[in-house]
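Given next are the chains, with one letter for each unit.
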Amino acid sequence: MASNSSLITTSTALFSFLVLYLAVSFSNIAAKHRHSTTTNVHHVLHPHHGDLDASNPRLQQAYLALQAWKLVIYSDPFNTTSDWIGPSVCNYTGVYCAPFPNDTDIQTVAGIDLNHADIAGFLPDELGLLSDLTLIHLNSNRFCGILPLSLSNLTLLFELDLSNNRFVGPFPSVVMSLPSLKFLDLRYNEFEGPLPPELFNKNLDAIFINNNRLRSVIPSNLGSTTASVVVFANNNLGGCLPPSIANFANTMEELLLINTNLSGCLPPEVGFLYKLRVLDVSSNKLVGEIPYSIAGLAHLEQLNLGHNMMSGEVPLGVCELPNLANFTFSYNYFFEEEGLCGNLTSKGIVSDDRRNCLPNKPLQRSKKECDPVLEHPVDCYEHPCGDKNAEKHHT
């Protein structure tokens, strides 16, 4: 799907940005903690930076933490951690050191990147000793178990990427105790239970929690976060998209709520997200009409409303959006396409209008399927969170 490629592009762009950003973030974050007014100092993270100075307690603590971690690594098919031997932790593969901001003569462990190493094991409590970490990248491994509460010691942690592993348990509350966190990626794990509303009170730039086992309603304070990218896809969250989504207006660029058991009407407040480039709410239980406010999203490139129970007209204003490249509204109950909406390919827009109730169009629903829905339209002004009686006619 187009939204998946956009997601990959966004992740890659964010990673590239973070590589550059981390050159200054370590010193900047620490400076905030000591209430300094010093301007940016550039410190590049080096994977190999000399032998351990026995007088350096920070590297001594790192040595204890990394050796404890190595003891609970049960499979390392690429021998990524085979050189995790001896006290020179700055020479370990995947371990990145940088000068300590308060004393640039002292080295400390500032980053760990074990992406795509296919390592099996778990995270020991001793990782809390790595209190100077600004990033942890563990994407695409086989780490399992729950996250240790000792991670709350990582007060400088800027990016946490634990995606595509086998972590379990409730949503990790320790995430909420990380004051410097900006980028959170927990997708493709086995986290379950409710999504804590407190997550959306944090000053995050990106939230990826798709493809877990989370079950709850979408929190009413969803729009309180400052994130530009929020991906909930493939969780059983349910409920309606709250009007507070409008609070995302100054930051939100991509909103992906694919297959989250979302119900009710798409709120008109979605149209307030003037920076939005990707909106994908496919494979849910949305009803009602397309809010005309979406016609104001001048930056929108991809709109996917497919596999819902929406009805009414496909508004011309949406089809005329200047940057629209892909518009999918198949498997709904739309009965009319205004103007060029019926021939979007003439404008170079990729479109899919199959399995609706559109007259004179191929591959549509039968009259028997369409009539009950058209006879009982959902009034989104009267029932913004869905008309249960009307929804019965869609099933």
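Residues numbered from 1 in each chain as written. Predicted model: local features only at pLDDT ≥ 70, side-chain atom pairs only at ≥ 80, totals over all residues. Heavy atoms only, no water.

Visitor: Describe the overall build of the protein, listing the residues and the values that go with them.
Guide: From N to C terminus, the protein includes 5 helices and 22 strands. In the protein, which comprises 395 residues, the share counted as buried stands at 54%. Of the contacts formed within the protein by residues at least 6 apart in sequence, a portion of 51% connects residues at least 24 apart. Only carbon and sulfur atoms are counted for the fraction: they give 55% of the accessible area of the protein, which is about 16900 Å². (Helix = DSSP H or I, 4+ residues; strand = E, 2+ residues; numbered from the N terminus. Buried < 20%, exposed > 50% of the residue type's maximum accessible area, 1.4 Å probe, protein only. Contact = heavy atoms within 4.5 Å. Areas by Shrake-Rupley, 256 points an atom, 1.4 Å probe, with all protein chains shown as cover.)

Visitor: Hey, could you go over unusual backbone geometry for me, with residue numbers and the actual values?
Guide: Of note, the phi angle at Asn79 is positive, near 55 degrees, even though the residue is not glycine. Mapping Asn79 onto the fold places it in the loop between β1 (73-75) and β2 (95-100). One non-glycine residue with positive phi stands out, namely Asn234, at about 60 degrees.

Visitor: Report on the side chain of Ser150, specifying residues and quantitative values.
Guide: Its place among the elements puts Ser150 in the loop between β6 (142-145) and β7 (159-161). Only 2.6 Å separates the side chain of Ser150 from the backbone oxygen of Asp125, close enough to count as a polar contact. Those residues within four positions of Ser150 in sequence are excluded, and the remaining contacts are Pro124, Asp125 and Gly128. (Polar contact = N/O pair within 3.5 Å; in protein donor to acceptor, adjacent residues only side chain to side chain.)

Visitor: Help me get a handle on the sheet that holds β2, residues and values and all.
Guide: As a general point, the strands of a sheet are linked pairwise by backbone hydrogen bonds and lie either parallel or antiparallel. Spatially, β2-β3-β5-β7-β9-β11-β13-β14-β16-β18-β20-β22 is the arrangement adopted by the 12 strands of the open sheet, whose pairing is mixed. Each edge of the open sheet is held by one strand with a lone partner, namely β2 and β22 (350-352). Each adjacent strand pair in this sheet contributes to an overall mean axis angle of 10 degrees, direction not counted. Looking at chain direction, strand β16 (residues 278-280) and strand β18 (residues 302-304) are connected through 3 bridges and run parallel. Within the sheet, the bridge partner assigned to Leu279 lies in β18 and is Leu303. The strands touched by helix α2 (residues 57-71) within the sheet are β2 and β3 (103-113), with β3 carrying the most contacts at an inclination of about 20 degrees. (Pairing = 2+ DSSP bridges. Axes fitted to C-alpha atoms, helices over the stretch in contact; angles between N-to-C directions.)

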